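The lines below spell out each chain.
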Number of protein chains: 4
Amino acid sequence: MGIRVAVAGASGYAGGELLRLIAGHPEFDLVAATAHAHAGAPVAAVHPHLAALDITFAATGPDVLSAADLVFLALPHGQSAAVAGQVSAGVKVVDLGADFRLRDAGAWQRYYGGAHAGTWTYGLPELPGARQAIAASTRVANTGCYAATITLALAPLIAAGAVEPDDVVVVAASGTSGAGRSATTRLLATEVMGDLTPYKVGTHQHVPEIKQATGARSLSMTPVLAPMPRGILATVTARPTGDANPRDVLAQAYADEPFVSLLPDGSWPRTAATAGSNACHLQATTDADAGRVIVVSALDNLGKGAAGQAVQCANLMLGLPETAGLGAYGVAP
Amino acid sequence: MGIRVAVAGASGYAGGELLRLIAGHPEFDLVAATAHAHAGAPVAAVHPHLAALDITFAATGPDVLSAADLVFLALPHGQSAAVAGQVSAGVKVVDLGADFRLRDAGAWQRYYGGAHAGTWTYGLPELPGARQAIAASTRVANTGCYAATITLALAPLIAAGAVEPDDVVVVAASGTSGAGRSATTRLLATEVMGDLTPYKVGTHQHVPEIKQATGARSLSMTPVLAPMPRGILATVTARPTGDANPRDVLAQAYADEPFVSLLPDGSWPRTAATAGSNACHLQATTDADAGRVIVVSALDNLGKGAAGQAVQCANLMLGLPETAGLGAYGVAP
Amino acid sequence: MGIRVAVAGASGYAGGELLRLIAGHPEFDLVAATAHAHAGAPVAAVHPHLAALDITFAATGPDVLSAADLVFLALPHGQSAAVAGQVSAGVKVVDLGADFRLRDAGAWQRYYGGAHAGTWTYGLPELPGARQAIAASTRVANTGCYAATITLALAPLIAAGAVEPDDVVVVAASGTSGAGRSATTRLLATEVMGDLTPYKVGTHQHVPEIKQATGARSLSMTPVLAPMPRGILATVTARPTGDANPRDVLAQAYADEPFVSLLPDGSWPRTAATAGSNACHLQATTDADAGRVIVVSALDNLGKGAAGQAVQCANLMLGLPETAGLGAYGVAP
Amino acid sequence: MGIRVAVAGASGYAGGELLRLIAGHPEFDLVAATAHAHAGAPVAAVHPHLAALDITFAATGPDVLSAADLVFLALPHGQSAAVAGQVSAGVKVVDLGADFRLRDAGAWQRYYGGAHAGTWTYGLPELPGARQAIAASTRVANTGCYAATITLALAPLIAAGAVEPDDVVVVAASGTSGAGRSATTRLLATEVMGDLTPYKVGTHQHVPEIKQATGARSLSMTPVLAPMPRGILATVTARPTGDANPRDVLAQAYADEPFVSLLPDGSWPRTAATAGSNACHLQATTDADAGRVIVVSALDNLGKGAAGQAVQCANLMLGLPETAGLGAYGVAP
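Residues numbered from 1 in each chain as written. Chains lettered and ligands numbered in written order. Predicted model: local features only at pLDDT ≥ 70, side-chain atom pairs only at ≥ 80, totals over all residues. Heavy atoms only, no water.

### Comments concerning the overall build of chain A
Scanning chain A for helices and strands turns up 11 helices and 14 strands. The globule rule puts the C-alpha radius of gyration for 333 residues at 20 Å, and the 19 Å found for chain A is close to it. Summarising its shape, the C-alpha atoms of chain A cover approximately 60 × 45 × 40 Å along the three principal directions. Counting across all 333 residues of chain A, residues that qualify as buried make up 63%. Restricting the contact set of chain A to residue pairs at least 6 apart, pairs at least 24 apart contribute 68%. (Helix = DSSP H or I, 4+ residues; strand = E, 2+ residues; numbered from the N terminus. Rg over C-alpha atoms; globule rule 2.2 N^0.38 Å. Buried < 20%, exposed > 50% of the residue type's maximum accessible area, 1.4 Å probe, protein only. Contact = heavy atoms within 4.5 Å.)

So this is what it looks like as structure tokens:
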């Protein structure tokens, strides 16, 4: 008998990716996949790629979740607190939602609205000290997908004093699965294919999370919806503060990381190269004429940006090898 | 020390998928990845999704291949015979090319041209008796990608006498990776995105392979190039010969198969649901008005249509569990 | 002052394409674009490609429509009859819906359900005698998008006795705009990109329309949803009845047609080549081994499959040059 | 008899778009479409969307070009000077290449290499005074595609003193047709679909052109290759210098422009909305927290970014209505 895990909110895209990763994990046994509208339906009816997985969605409730050793919450923003409250204290929880990520209640209210649920250990293992903190926690707040992409690019540079924490400018494009599985006209294939368009310009809710995780003081972020199902490509620029080579800083920060690769000089990240994996690919340069360090970061928003990251955190919390059940190789082309 | 495997022709798309599967296989150790023009280059320079794989392409030659327990040949059509001849007799070989698939030398010459290299055991384990034949072989000819898709849909129905083997009509659309990695204008993204177009209408080289594998006597095949990187969707129609329900025939044929799923009644295959996996999804119906049985089959042309199938055959040849290192869950959405 | 035209149901994709064509038509003045839920909204809020068109959706009603010389109805199936009844008899009407296409009330009820509204002149000008009938009509039922694609490929061959009208087998893939603008999970970009999947296998409602227009007696049709916004590619196969060359038959049928092109021998239709135009591209061959004539037909489902066809019919009904405001050149790549 | 126009380099994507626009232009008669490797081939063999256009590529040479009233040069960078030298002085020329865009010979050599050919009137009619200068010129250097997109967003703000000309940060994603029609692995559909990747980071050759056209003193530009055939989306950020509302500045600059639309407040540009048209869509906001003005600009790289722009310039040079043969409505969805 392996470690008993459950997924609450398993009918969404991140939930589906969690089910796929759990099915391939050497130590995990799935004991429940819960859903709301789809409770009672076969999982394969919602996730056709899991056709060979013969299980049915349960309703989300305290009994089914507390029977697990670890629960992943993949619920809409604002719903995690209520469900987390139903889970026994002895059950570990990784929340893929935003509810417990921010330390600043004012920032929560400004960007998300409603009451602030609290603050859990932030689930980005590659940050300094984070690995140990996650391993010691029973409640972990997984990163946002944009936040993971941008923080991995920016945090070491600010920490090393290689760039100014002011006037960071980010443009980041995401595949459509990041917008979730709710049916809206704006996300129809007919509207998206062949199209690029920005949204939430300067107002995206991951801005305070990125500031908190990187130490950036001012940061302009323009999210763009891109015609692909998965992947985030973030272009992060900041002013250099000295002569530090940004590649050297990143190389040192991630030398021993299994999932973060600084690409060879001259190679730039491609989102497709990270699809289906827990990898993040980075490259950096300094544009001396423009006075900007430019770091480009790519990952799979459902992988290192959501479900893969969550499994990585769960592995740490459970004392398993951090890479168990996770791959660094993308499914490409 | 695990089983030593090598890949000849590892710089193509099927070769890259083999490398990915080998890296995740519990028993395989990659001892060589060979290439022609790219010999000496880092694998990651050609396959950016394998950025974390720190190996270099070797030149294809007898020494490097004969040091393996099993060699995968992922070479252009017509080149396998020469390379296979360089491999020691004691080394097992799975050829992903077409060179050794056909029993009929005349058909070979008509569809491929040049001298017929010979005939190896045909590598489709789900055919009756094939599993045992593959396990007993040291040389196996892997299926073509269209051939696998269409044969899995059609063979059981002809074998059961449920459809006529004459006047089979097939339209099958493939993602672009099936056309390989050579740069041609016709395969440019600019030309392909937003476009559907047929090619090799009535003249595709998989027609004799499909006839051989299914027993079809006459078969019209229209291949279509589709704007997606991976996946084949084949619509196979044939005239019913009696009252047999095609779903029942397929259900019985594949009841115990780990990689072939007959979907629940009313669900139709989606190529995306098989991406990155070794799965084949099937559905069938009878259109009584039109007098046609219609079977639709979907798989990943690089998975069950090439590299996944090859690993499945290799597992059998090596006495490993048939499913080792292979997944039935697609990477979707 | 030009000819006054109105569009009822202008907020859908076919409606949007009508507005675009009308704006570029040398003789048409748009007097009303009506909608239901969007009445009162700026047209550009729904159709961002019409940003430069400064008009507002009106509510659909008798006054606004009867003020026009000609009304296009681009309403959901089943709603045309009620709206058509509100339009003055002196106002010409082209209905892009299915309501008035079928002569057989039983077929209507079987495939669409509900009461049969009646039968109008069928709006495919390239059929023998159709051009004159349309010009003489005040009420015309525009073709379905699949029906136009398949009928243009098949009708001349059956009429010439070059193929049998029995056992016609069609597989036809459509871009997503053919499914309309209603938000459903199945049509989300995340689900569609990278995916091919069949639907309504053997049960599509255009089957009786195609039989009526071509004289086919039995016809198997498998529609496929393709990852592109526009375009239909139909592969139509039938058994040859004699020695007639299908290319010769098509060349003769369409020798003088401005919008239907039989491609040079060896060139096969590409949907992208017809995008945004009123063109239909055809190619044909005989697969002697398989005993099948294969005709492939491509058009833009919103162009020659809907709005372009409707404008072509309107031009005939109004005594204008048939090609006015229409192009034969696709917007490609 | 209309105005006689010729296209040199008509086999590329911009050349094909020119042919399409010329065919629909009310005053233009195409007298020659020249090519190099394709000379002698039917135009439709290279541009399948022009199947109905029954002409053949001529070889590029002085006689064929000097017989025209106006010649469009759509040649690879560096080849325009030689061909332009062959054209009679009385023939007007619009060059879609980069050869004559820059005033600074040093910048030319740094970014393009080779000898600087000279400087022609810069072909962006919406710049102050440009319309008159173009009308008075016989030689016009058309804008680069990125340059047009970014300049339309940025130039009025710098001119009005609303943003600082230093530390401009741009991330701009382009569809693949911008990379041309040469077959390279990197541009294969298999590699591009599902992928976003940057290229020429900080080194793109349009940087000096943008600085020249906008007055920006330092500008960081990260180009991104996006999985779509057409379209550029540029996110342009700069520091505000006062209290000017960037929307007001843009509204005033483009109030009377037929092809540049400042979208209603809250609507952001979508590349698909400009496809196939000569439109540019803009939106702007100020992110006070981040201290950045953000302008987003979208256009069709083959339309307003190349062939449409060139026709607009030609109209001015020929004394025709500036909008002749050009549309402001995109072909969408």
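Picking up after the structure, the text goes on.
### Re the environment of A279 of chain C
Residues and elements named next belong to chain C. In this structure, A279 sits in the loop between β12 (260–262) and β13 (280–287). Sequence spacing of A279 and V71 is 208 residues, and the spatial spacing of their C-alpha atoms is 23 Å. Contacts of A279, omitting those with residues within four sequence positions, involve F259, T274, A298, L299, D300, K304, G327 and A328.

### Some thoughts on the domain arrangement of chain A
Size of an interface: often given as the accessible area lost when the parts come together. All names here are of chain A. Here chain A is partitioned into domain 1 (3–143 + 304–317) and domain 2 (146–301). Centre-to-centre separation of domain 1 and domain 2, based on C-alpha positions: 24 Å. In this assembly, 26 residues from domain 1 lie in contact with 30 residues from domain 2. For the pair domain 1 and domain 2, the two sides together bury roughly 2,200 Å², of which 54% comes from carbon and sulfur. Three residues, Y13, Y111 and K304, lead the burial of domain 1 against domain 2; their summed loss comes to 30% of the area buried on that side. Linking domain 1 to domain 2 there are three salt bridges. Two residues, R131 and E257, come together in a salt bridge whose shortest N-O distance is 2.7 Å. Put simply, the parts of the chain that give the side of domain 1 that touches domain 2 at least two residues each are α1 (13–23), α5 (105–111) and α11 (303–317). Ranked by residues supplied to the side of domain 1 that touches domain 2, first place goes to α11 with six residues. (Domains from an automatic or database assignment. Buried area = accessible area lost by both parts, 1.4 Å probe. Salt bridge = Lys/Arg side-chain N within 4 Å of Asp/Glu carboxyl O.)

### Remarks on the relation of the copies chain B and chain D
Between chain B and chain D, which share one sequence, the superposing operator has a rotation angle of 180 degrees and an axial displacement of 0.0 Å; the RMSD is 0.0 Å. What we have between these two chains is a two-fold relation. Closest approach to the rotation axis within chain B is made by the C-alpha atom of A189 of chain B, at a distance of 1.8 Å. A high fraction, 100%, of the interface residues of chain B reappear at the interface in chain D, so the copies pair face to face through one surface. (Least-squares fit on C-alpha atoms with pLDDT ≥ 70 in both.)

### A few points about the nonpolar core
Core analysis: the biggest nonpolar cluster contains 172 residues, and L18 and F72 of chain B together with L18 and F72 of chain D have the highest contact counts within it. Contact partners of F72 of chain D, with chain neighbours within four places excluded, come to V5, A6, V7, A8, L18, I22, F28, V94, L96, A310, V311 and A314 of chain D. Residues L21, A33, L188 and V311 of chain C belong to the second largest nonpolar core, which totals 169 residues. (Core = buried A, V, L, I, M, F, W, Y, C linked by side-chain atoms within 4.5 Å.)

### A short note on the interface of chain A and chain D
Contacts between the two partners involve 41 residues from chain A and, on the opposite side, 41 residues from chain D. Buried surface at the junction of chain A and chain D, both sides included, amounts to about 3,400 Å², of which 59% is carbon and sulfur. Linking chain A with chain D are 10 salt bridges. Here D167 of chain A ties to R292 of chain D by a salt bridge, and the two come within 2.9 Å at their closest N and O atoms. Counting across the chain A and chain D interface gives 20 residue pairs in polar contact (both at pLDDT 80 or more). The element best represented in the side of chain A that touches chain D is strand β10 (residues 219–225) of chain A, accounting for four residues. Across the side of chain A that touches chain D, the residue classes break down as 20 nonpolar, 11 polar and 10 charged. (Polar contact = N/O pair within 3.5 Å; in protein donor to acceptor, adjacent residues only side chain to side chain. Nonpolar A, V, L, I, M, F, W, Y, C, P; charged D, E, K, R; others polar.)

### Considering the interface of chain B and chain D
With 18 residues of chain B at the interface, the matching set in chain D holds 18 residues. Of the roughly 1,600 Å² buried between chain B and chain D on both sides combined, carbon and sulfur atoms contribute 64%. At the boundary of chain B and chain D, one finds two salt bridges. For E191 of chain B, the salt bridge identified is with R181 of chain D, shortest N-O distance 3.6 Å. Where chain B packs against chain D, one counts eight residue pairs in polar contact (both at pLDDT 80 or more). Counting residues per element, the side of chain B that touches chain D draws most heavily on helix α8 (residues 189–192) of chain B, at four residues. Here the residues of the side of chain B that touches chain D sort into 10 nonpolar, six polar and two charged.

### A few points about the environment of T138 of chain A
Residues and elements named next belong to chain A. Along the chain, the position of T138 falls in the loop between α6 (130–135) and β7 (139–142). It is 16 Å that separates the C-alpha atoms of T138 and D99, two residues lying 39 residues apart in sequence. If near-sequence neighbours (up to four positions away) are discounted, T138 is found in contact with V91, K92, V93 and M317.

### A word on the sheet that holds strand β7 (residues 139–142) of chain C
All names here are of chain C. With parallel pairing, the seven strands of this open sheet are ordered in space as β3-β2-β1-β4-β5-β7-β6. What marks the edges here is a single partner per strand, and that holds for β3 (58–59) and β6 (121–123). Inspection of the sheet shows strand β1 (residues 3–8) paired to strand β2 (residues 28–35) by six bridges, in the parallel sense. For A6, the partnering residue across the bridge sits in β2 and is A32. Sitting on the sheet, helix α11 (residues 303–317) is in contact with β2, β4 (70–73), β5 (92–95), β6 and β7, with an inclination near 155 degrees to β7. (Pairing = 2+ DSSP bridges. Axes fitted to C-alpha atoms, helices over the stretch in contact; angles between N-to-C directions.)

### Regarding the pattern of salt bridges
For the structure shown, the criterion picks out 68 salt bridges over all chains. Taken together, the shared-partner salt bridges connect E164, D167, R239 and R292 of chain A together with E164, D167, R239 and R292 of chain D into one network.

### Looking at the packing of helix α7 (residues 145–159) of chain A against helix α9 (residues 207–214) of chain A
All names here are of chain A. It is at 9 Å that the axes of α7 and α9 come closest, and there the two elements cross at 30 degrees. The orientation of α7 with respect to α9, classified from their angle, is roughly parallel. For the element pair α7 and α9, the recorded crossing hand is right-handed. In this structure, α7 contributes A147, I150, T151, L154, A155 and I158 to the contact, and α9 contributes E209, I210, A213 and T214. Residue classes in the contact of α7 with α9 are distributed as seven nonpolar, two polar and one charged. (Parallel < 35°, antiparallel > 145°, perpendicular 65-115°, else oblique. Left-handed = near helix turned anticlockwise from the far one by under 90°.)

### Some remarks on the UniProt feature "domain: Semialdehyde dehydrogenase NAD-binding" (unreviewed entry) in chain A
Mapped onto this numbering, the UniProt entry annotates "domain: Semialdehyde dehydrogenase NAD-binding" (unreviewed entry) at residues 4–135 of chain A. Segment residues 4–135 of chain A splits into 29% helix and 20% strand. End C-alpha atoms: 18 Å apart. (UniProt positions renumbered as here; feature names shortened; annotations may be inferred.)

### Some words on the UniProt feature "active site" (unreviewed entry) in chain A
Residues and elements named next belong to chain A. Those residues carrying the UniProt feature "active site" (unreviewed entry) are C145 in this numbering. Following the sequence through the fold, C145 ends up in helix α7. Sequence-distant contacts of C145, that is, excluding residues within four places in its chain, are made with H206, I232, L299, N301 and G305.

### Some remarks on the relation of the copies chain A and chain D
For the pair chain A and chain D, the relating rotation is 180 degrees, the translation along its axis is 0.0 Å, and the fit reaches an RMSD of 0.0 Å. In this assembly the copies share their binding face: 100% of the residues contributing to the interface of chain A also contribute to that of chain D.

### Looking at the side chain of R270 of chain B
In this fold, R270 of chain B is placed in the loop between β12 (260–262) and β13 (280–287). A polar contact is formed between the side chain of R270 of chain B and the side chain of E191 of chain C, at a distance of 3.1 Å. Excluding residues within four positions of it along the chain, R270 of chain B makes contact with P48 of chain A, A298 of chain B together with E191, D195, L196 and T197 of chain C.

### Digging into the packing of helix α7 (residues 145–159) of chain C against helix α10 (residues 246–253) of chain C
A pair of packed helices is captured by two measures, namely the crossing angle of their axes and the spacing between those axes. Residues and elements named next belong to chain C. It is the contact of α7 with α10, at a shortest axis distance of 9 Å, that shows an interaxial angle of 105 degrees. As judged from the angle between their axes, α7 and α10 are roughly perpendicular. Judged by residue contacts, L152, A153, P156 and L157 of α7 engage P246, V249, L250 and A253 from α10. Among the residues making up the contact of α7 with α10, the classes are represented as eight nonpolar, no polar and no charged.

### Examining the packing of aromatic side chains
Aromatic rings in a pair are described by how distant their centres are and how their planes are angled relative to each other. All told, the structure shown has 12 aromatic pairs over all chains when counted by the stated rule. Both rings, one in F100 of chain B and one in W120 of chain B, keep their centres 3.9 Å apart while their planes meet at 5 degrees; by these two values the pair is stacked. One end of the pair, F100 of chain B, is in the loop between β5 (92–95) and α5 (105–111); the other, W120 of chain B, is in the loop between α5 and β6 (121–123), and 20 residues separate them in sequence. Looking at F100 of chain B, the relative accessible area reads 4%, which means it is buried. Here the basic side chain of R139 of chain A rests over the ring of W120 of chain A, its NZ or CZ set 6.0 Å away from the ring centre. Across from the ring centre of Y199 of chain D, 5.2 Å away, lies the NZ or CZ of R186 of chain D, which sits over that ring. (Phe/Tyr/Trp six-rings, centres within 6.5 Å; stacked < 30°, edge-to-face > 60°. Lys NZ or Arg CZ within 6 Å of the ring centre and 35° of its normal.)

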